[in-house]
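Geometric and topological summary
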Amino acid sequence: MLQALPYFLLTLTCLMTKVSAAAVTDTFTDEEKSDIHQFVNEVMHCANIPGLALGVIRGSATYADGLGHGELTQGLAVSSNTIFNLGSTAKALVPYVMADVLHRTKTDVSLEPIQD
């Protein structure tokens, strides 16, 4: 799964770029949903990703769906409510998200050295 993380982040970036370039409305059209599914399925196939939960936000419009299979041994399909075991991938993702939030909110994070 860790090997697929760069592909997933690339997919996410490309998908966000494609969707955000569309005219902003409060819903996603069936054509946009179809384009999203086609694009994500192609990347999943190339990166050998068996399944993922997808969430797209554009303005006040949201779209969530599941693609592929989340539990390969039982063949369970992914839904927008599927809970995944992230394992160690969160170790790289959490600091990035925290740094992004701190940067966007312009929060001062001056730290004092820790002393015993």
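Residues numbered from 1 in each chain as written. Predicted model: local features only at pLDDT ≥ 70, side-chain atom pairs only at ≥ 80, totals over all residues. Heavy atoms only, no water.

**Here's the deal with the pairing of strand β2 (residues 61-71)**
In plain terms, the rule: Whether two strands pair comes down to DSSP finding at least two bridges between them. Secondary structure elements follow DSSP: runs of H or I of four or more residues count as helices, runs of E of two or more count as strands, with numbering from the N terminus.
Sheet topology note: the strand β1 (residues 51-58)/β2 ladder contains 8 bridges and is antiparallel. Bridge assignment links Gly 55 to a residue of β2, and that residue is Ala 64. Once β1 ends, the chain turns through 2 residues before running back antiparallel as β2, passing Gly 59 with a positive phi of about 65°. Note that β2 and strand β3 (residues 76-77) share 2 bridges and pair antiparallel. Counted as the bridge partner of His 69 is Ala 77 from β3. Linking β2 to β3, which pair antiparallel, is a turn of 4 residues; within it Gly 75 sits at a positive phi near 70°.

**Observations concerning the pattern of salt bridges**
Applicable threshold: One speaks of a salt bridge when a side-chain nitrogen belonging to Lys or Arg is within 4 Å of a carboxyl oxygen belonging to Asp or Glu. Under the scheme applied here, a residue whose accessible area is under 20% of the maximum for its type counts as buried, over 50% as exposed, and between as partly exposed, the area being computed with a 1.4 Å probe on protein chains only.
In this structure the tally under the stated criterion is 2 salt bridges. One salt bridge connects Glu 32 with Arg 58, and the closest N-O pair in it is separated by 2.9 Å. Within this pair, whereas Glu 32 is found in helix α2 (residues 30-47), its partner Arg 58 is found in strand β1, the two being separated by 26 residues in sequence. Notably, a salt bridge pairs Asp 100 with Arg 104, separated by 2.8 Å at the nearest N-O pair. Of this pair, Asp 100 and Arg 104 both sit in helix α3 (residues 89-105), 4 residues apart, which is roughly one turn of the helix. When its relative accessible area of 26% is taken as the criterion, Asp 100 is described as partly exposed.

**Let's talk about the confidence of the model for the chain**
In low-pLDDT regions, the fine details of the predicted coordinates are not to be read closely. Convention followed: Residue-level confidence of the predictor, termed pLDDT, takes values from 0 up to 100. Any two residues whose heavy atoms approach within 4.5 Å at even a single point are treated as in contact.
The share of residues in the chain with pLDDT of 70 or more is 78%, and the mean pLDDT across the chain is 78. A low-confidence stretch, residues 1-7 (pLDDT under 50), is modelled with 6 contacts involving residues beyond four sequence positions or located in other chains.

**Some words on a nonpolar patch on the surface**
Counted only if it meets this: The residues that make up patches have over 30% relative accessible area and no salt bridge, and they are joined within 9 Å when like-charged or within 5 Å when they are Val, Leu, Ile, Met, Phe, Trp or Tyr. Using a 1.4 Å probe, accessible areas were evaluated by the Shrake-Rupley method; residue-level cover was limited to the displayed protein chains.
A cluster of nonpolar side chains, contributed by Leu 93, Tyr 96, Val 97 and Val 101, occupies part of the molecular surface with about 380 Å² of accessible area. Take Tyr 96: it is sitting in helix α3.

**A short note on the sheet that holds β3**
Formally: The angle between two axes is taken between their N-to-C directions and runs from 0 to 180 degrees, where each axis is a line fitted to C-alpha atoms and a helix contributes only its stretch in contact.
Spatially, β1-β2-β3 is the arrangement adopted by the 3 strands of the open sheet, whose pairing is antiparallel. The strands lining the two open edges of the sheet, one partner per strand, are β1 and β3. Contacts from α2 reach β1 and β2, with the element oriented near 35° to β2.

**A closer look at the packing of aromatic side chains**
Each aromatic ring pair is summarised here by two numbers: the centre-to-centre distance and the angle between the ring planes. Just so we agree on the cut-off: Between the rings of Phe, Tyr and Trp (Trp by its six-membered ring), a pair exists once the centres lie within 6.5 Å; its type follows the angle of the planes, with under 30 degrees stacked, over 60 edge-to-face, and the other angles tilted.
Considering all chains together, one arrives at 1 aromatic pair under this definition. The interplanar angle of 50° and the centroid separation of 6.1 Å between the aromatic rings of Phe 28 and Tyr 63 together place this pair among those described as tilted. Of this pair, Phe 28 sits in the loop between α1 (5-20) and α2 while Tyr 63 sits in strand β2, placing them 35 residues apart in sequence. By relative accessible area, Phe 28 is classed as buried at 7%. Taking relative accessible area as the criterion, Tyr 63 reaches 12% and is therefore assigned buried.

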